[in-house]
Amino acid sequence: MIEQWGIEVLKGIGRMLLNPVFYYAFFLGAVLGVSRVKRERKNFTVRAQDAYFELRQLVSAGLIAGLVLSLVALATGLAVPVAAIMLAALFTLLFSLIGNMRLIGPAYTVGAAFFALIYLGGKTLNVPYVREAFESASGRIYPSIAVLLALLLIAEGILILKRGSIATSPKLITSKRGQRVGVHEAKRLWLVPVFLLIPGSVLTLPFDWWPVFSIGENTYSLFLVPFAIGMHQQIQGMLPAEAVRGYGKNVTTLGVLVLLVSAAGYWYPVASIGAAAIAILGREGIAFFQKIKEDNRPFYFSRKNEGLMILGVLPGSPADKMDLKVGELISKANGMPVRDENELYEALLQNRAHCKLEVFDTNGQIRFVQRALYENDHHELGILFVHDDRKWDEKAV
């Protein structure tokens, strides 16, 4: 039995390589990185993170989430038809073309696959390689897909909560009043591989009660299914880390609610329809109300009369080593009050070898930071500010 499961695990990993989402996620991650760097260079002439940052974020956190979900899925015997996996992959590819990473989240891709399978299940499709999968999937409700959707939604919320606020990207926009202001953009993509049971002819039931969420079969095969989970949030009225954490908590709470409703589908299959609908409408509602709240808040990153607001800090720069943070306010440099980049530059010229800053942190508490400056220090201090469109201003100080 153990040897049989071991071989099937290896086969399941091999089956993941047949899923186009696995390769497409890396392509999307590369596109996100390149487009972000181009935008940051256009705004500031420098980039905050290198173009490989999104690719580095793609796998590490997703593997941990996938491992946890795999243990839960296998322990409960979460079985789904292969047609649902095909549809989820198809909707991932289609929704990604819209350009909003939020739309390739599980609420949309797995939710759309759930409803599409109810309609297409059992029908004959004249499409090579998929005809048999849809003919074998009878046109009925599959509670297991709703449960899978809920688990992936919880994973999405936790990923946003724990990883979404890491190195959000500074961005310059023009407000409705025509003023140049700063915002932060959190655009992430995670690849979450999950082991699922698919109707097959290899694994028999080890317990009388397993699988819990079966689909009427007696034997199953293991598939390692790659799910792409994305997020897209623009923050203008508060600190990025605070806004992203709140967003992640809301998505996690929605996932728990959907899980409770979807679990009822084991006894009442119609509850699964409600769970999938709640997931889609709830996820869209979270995004909508978050945007409304942001639009009604004043811009956090705008020009201040009492100092210079830090919009971004370049990694590895002197500012990073001085532990300067996004959202802090520089009031003095080398003892001189500063209200714009030109005054800061002039203050730094007073002592090219040393920098002493008076800074108000995000709690309004004053602190002093200082550091020796060297000729090879990258881009002076390495701080990004909100600036006008003047050529000399489009640089990091």
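Further up the page is the structure itself.
Just so it is clear, the model here is predicted, and its values are computed rather than measured.

Calculation rules
Residues numbered from 1 in each chain as written. Predicted model: local features only at pLDDT ≥ 70, side-chain atom pairs only at ≥ 80, totals over all residues. Heavy atoms only, no water. Helix = DSSP H or I, 4+ residues; strand = E, 2+ residues; numbered from the N terminus. Buried < 20%, exposed > 50% of the residue type's maximum accessible area, 1.4 Å probe, protein only. Contact = heavy atoms within 4.5 Å. Areas by Shrake-Rupley, 256 points an atom, 1.4 Å probe, with all protein chains shown as cover. 1 Å grid on protein atoms, 1.4 Å probe; cavity = no way out; pocket = protein on both sides within 12 Å on 5 of 7 lines; lining within 4 Å. Points joined across faces, edges and corners; volume = space filled by probe spheres on them. Core = buried A, V, L, I, M, F, W, Y, C linked by side-chain atoms within 4.5 Å. Arc of directions from axis to C-beta. Phe/Tyr/Trp six-rings, centres within 6.5 Å; stacked < 30°, edge-to-face > 60°. Lys NZ or Arg CZ within 6 Å of the ring centre and 35° of its normal. Axes fitted to C-alpha atoms, helices over the stretch in contact; angles between N-to-C directions. Parallel < 35°, antiparallel > 145°, perpendicular 65-115°, else oblique. Left-handed = near helix turned anticlockwise from the far one by under 90°. Pairing = 2+ DSSP bridges.

A. Region of the structure containing the overall build of the protein. When you go through the protein residue by residue, the secondary structure sums to 11 helices and 10 strands. Out of the 397 residues in the protein, the part that is buried amounts to 51%. Restricting the contact set of the protein to residue pairs at least 6 apart, pairs at least 24 apart contribute 71%. For the protein, the exposed area adds up to about 18800 Å²; of that, 60% sits on carbon and sulfur atoms.

B. Just the layout of surface pockets, in detail. Its boundaries defined by the atoms lining it, the largest pocket holds a volume of some 640 Å³. Lining the largest pocket are 27 residues, and of these Ile 173, Gln 234, Gln 236, Asp 295 and Phe 299 sit closest to its centre. Every element with two or more residues in the lining of the largest pocket is listed here: β1 (169–174), β2 (180–204), β3 (219–235) and α9 (270–296). The greatest single-element share of the lining of the largest pocket, amounting to 5 residues, is contributed by α9. In this structure, the second largest pocket occupies an estimated 500 Å³ of space. Around the second largest pocket, the lining comprises 21 residues; the ones closest to its centre are Ser 165, Ala 167, Thr 168, His 184 and Val 326. Elements represented by at least two residues in the lining of the second largest pocket include exactly α8 (240–263) and β5 (312–313).

C. Looking closely at the nonpolar core. In this structure, Leu 117, Ile 145, Trp 190, Val 192, Leu 196, Phe 227 and Val 258 are the most contacted members of the largest nonpolar core, which totals 61 residues. It is helix α7 (residues 143–163) that provides the largest number of residues to this core, a total of 12 residues. Those residues in contact with Leu 117 that lie beyond four places of it in its chain are Pro 81, Ala 83, Ala 84, Leu 87, Phe 134, Ala 137, Tyr 142 and Ile 145.

D. Representation of helix α11 (residues 341–349) within the structure. Among all positions of α11, only Glu 341, Glu 343, Leu 344, Ala 347 and Leu 348 are buried. Down the axis, α11 shows its buried residues gathered within 160 degrees of arc, on one side only. Residues of α11 that are buried make contact with β4 (308–309), β6 (329–333), β7 (336–337) and β8 (354–360).

E. Quick look at the packing of aromatic side chains. Under the criterion given, the structure shown has 8 aromatic pairs. Taking the centre distance of 5.1 Å and the plane angle of 85 degrees together, the rings of Phe 22 and Tyr 23 count as edge-to-face. A residue is classified by how much of its surface remains accessible, and Tyr 23, at 46% relative accessible area, is partly exposed. Joined through ring pairs, the aromatic side chains of Phe 22, Tyr 23 and Phe 26 make up one cluster. The ring of Phe 368 has Lys 356 sitting right over it, with the charged end atom 5.7 Å from the ring centre.

F. Region of interest: the packing of α7 against α9. Viewed as axis vectors pointing N to C, α7 and α9 meet at an angle of 25 degrees, and their least axial separation amounts to 8 Å. Relative to α9, α7 is oriented roughly parallel. For the element pair α7 and α9, the recorded crossing hand is left-handed. Contacts between α7 and α9 involve Pro 143, Ala 146, Leu 149, Leu 153, Glu 156 and Ile 160 from the former and Ser 272, Ala 275, Ala 276, Ala 279 and Arg 283 from the latter.

G. Molecular detail of the pairing of β8. Relative to β8, β6 runs antiparallel, the two sharing 4 bridges. Residue pairing across strands places Ile 330 opposite Val 359, the latter belonging to β8. Joining the antiparallel neighbours β8 and strand β9 (residues 366–372) is a turn of 5 residues, in which Gly 364 adopts a positive phi near 80 degrees.

H. Structural detail: unusual backbone geometry. A positive phi angle, close to 50 degrees, is found at Ala 167, a residue other than glycine. Its location among the elements puts Ala 167 in the loop between α7 and β1. At Asp 323, a position not held by glycine, the phi torsion is positive, near 65 degrees. Tracing the backbone through its elements, the reader meets Asp 323 in the loop between α10 (318–321) and β6.

I. Examining the environment of Lys 356 more closely. The topology assignment puts Lys 356 in strand β8. Setting aside residues up to four positions removed in sequence, Lys 356 forms contacts with Lys 332, Ala 333, Asn 334, Phe 368, Val 369 and Gln 370.

J. A look at the environment of Ile 273. Among the secondary structure elements, Ile 273 is positioned in helix α9. Sequence separation between Ile 273 and Ile 141 is 132 residues, and the spatial gap between their C-alpha atoms is 7.7 Å. In contact with Ile 273, not counting residues within four places along its chain, are Phe 114, Phe 115, Ile 118 and Ile 141.

By themselves these figures say nothing about function.
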